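As a plain string of letters, each chain reads:
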Amino acid sequence: GQRVVTQVQSMPGREFVGRVAFVDPMVNRETRTIGVRVVIPNEDGALKIGDYASAAISAAVNAPESEGSAVYDPDLVGKWISPRHPQVIRDGPGQCPECGMELVPASTLGFVSTPLEQAHDIVVPRDAVLMAGEQSVAYVETEPGRFEFRNVVVGQIVGDKVSIVKGVDAGERVVSGAALLVDSQFSMAGKPSLIDPTRAIEREPEETDLFNSPEIMAALEALSDEDKGEVMAQKICPVTMAALGSMGTPLPVDVRGRRVWICCAGCETGLRNEPETYFAILDEAAAEEADKQKIIDEAMAALDAENRVLAVAQKICPVANFPLGSMGTPIRVDVEGRAVFICCEGCRQSLIDEPQKYLEILDNGIVEAPGAEAAVPVISTLPQIRPLDEPDSLPRMSLPQTAPPHEAGEGSGSDNDEEPANVTDALSKLSAVEQRLARAQRTCPVADMQLGSMGTPPKVDVNGRTVFICCEGCRGALLANPDKYLAKLNPEAGQ
């Protein structure tokens, strides 16, 4: 009985209104669609059998779930309708002239007499949400010119509107019309994107030193040295997961004999109501931090005493902005008479090609190294999701295609068919197709290291080709001189 508005090609601009008479209970196995029969009055014979038509059924884009399948139609308020021939509508009870069945109140078929209360889901333009398979993403403007990747849960889609059940809050501004452009910029920058929503999630915020942010350090100045040490050890508010100091001077709360720092007064109630939940978050974060530090300490221990002091003081690779030691033993490179440490071989060429750029980065964060004779640079910034500034330079987005494996030859990481366990583990985080591509390519064209030997290899789209690199440190060199590194790849790899 639901109202349907139809237009036919032979009479553009004219609308025909009918009613749904039957909904097929079976899904068509070939088209995966459900047939709907609509009865439309045709007293003047204008409608012809075989003509092409389009039909639209209106529905509330964010009707509350509690209403079930209820429908408000002002034409059926207080009316009686034939269960078998819904085009038969009367003001009172009686019999259907088509089949003789008793008419029933429209309310018994799910029609309500008052407009449905609208739910409070967020409604955005349809083109603000990018979809691929089961993945739906949107980009939210966090400040003018800066956007944030969001995984969203989509509700109903009606016309050019879509409801967002989860992922976007009321009042937030989403990218509409240019969402695909922003997504391609994120993909090129190694950020999570529609084509690879898991990219860089594991390696972004956790790898940087939050307390080198001037804003956060200013917020901590009001604390005593002892309190500041506790805050820097805890790092995050367990309630909001925000960095302590990012919302002003952190506050201490004593809960069940344990002192916990929170980012603002608004978190105190939640912490006191569910202390065990937030204790568990802090304990898990502390354990993860200890594991990371153990890896770094082991990597640093491989250096001699002099280089170890310098690397510990420098802390961060100026090229990749990763903690030194997080990707293995730091590598010393002498640049213009200065000792600079990088996280991996993939960063060497970038440092050599643009020494002033990276020396300036280091100079912007100089601190005194305990026990060192001179000031040693430290660089770290809060992680930010920022699109590239040159959209014209974007590569063509392409889904990865399978490539046949090839024999190990020039540029391959090993002639041994047995893959190291750490490589297998790193590649397992890629999709099945990406694993085949990475194994076919075998080595990073920039650093000549086996893909997976330094963690899950990032994927870069270069001149329409998908290329894997061993680490983020190689991205800059690859994009700066793509022809050089594409020439090093086997013709079958990276296609």
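Residues numbered from 1 in each chain as written. Predicted model: local features only at pLDDT ≥ 70, side-chain atom pairs only at ≥ 80, totals over all residues. Heavy atoms only, no water.

## Side note on the state of the cysteines
Piece 1. For the structure shown, the criterion picks out 0 disulfides.
Piece 2. You can see C343 has no disulfide; the closest cysteine sulfur is in C347, sitting 3.7 Å from it.
Piece 3. According to the relative accessible area criterion, C343 is buried, its value standing at 1%. (Disulfide = S-S within 2.5 Å. Buried < 20%, exposed > 50% of the residue type's maximum accessible area, 1.4 Å probe, protein only.)

## A look at the pairing of strand 15 (residues 161-166)
Piece 1. Across 4 bridges, the pairing between strand 10 (residues 122-125) and strand 15 is antiparallel. Among the inter-strand pairings, V123 is bridged to a residue of strand 15, identified as S163.
Piece 2. Note that strand 14 (residues 153-158) and strand 15 share 4 bridges and pair antiparallel. Each bridged residue has a counterpart across the sheet, and for I157 the counterpart in strand 15 is V162.
Piece 3. Counting the residues between successive antiparallel strands, the hairpin from strand 14 to strand 15 contains 2 residues, one of them, G159, with a positive phi of roughly 60°. (Pairing = 2+ DSSP bridges. Helix = DSSP H or I, 4+ residues; strand = E, 2+ residues; numbered from the N terminus.)

## What to know about helix 6 (residues 305-314)
Piece 1. Taken as a whole, helix 6 has its buried residues at N307, A311, A313 and Q314. Down the axis of helix 6, the buried set is contained in an arc of 165°. They therefore lie on one face.
Piece 2. Downstream of helix 6 by one or two residues, K315 has phi in the positive range, about 70°. (Arc of directions from axis to C-beta.)

## Quick notes on the side chain of Q441
Piece 1. Examined against the element boundaries, Q441 turns out to sit in helix 10 (residues 432-441).
Piece 2. One polar contact links the side chain of Q441 to the main-chain carbonyl oxygen of F468, over a distance of 2.6 Å. (Polar contact = N/O pair within 3.5 Å; in protein donor to acceptor, adjacent residues only side chain to side chain.)

## A word on the environment of E289
Piece 1. In this structure, E289 sits in helix 5 (residues 275-301).
Piece 2. C-alpha separation for the pair E289 and A233, spaced 56 residues apart in sequence, amounts to 9.5 Å.

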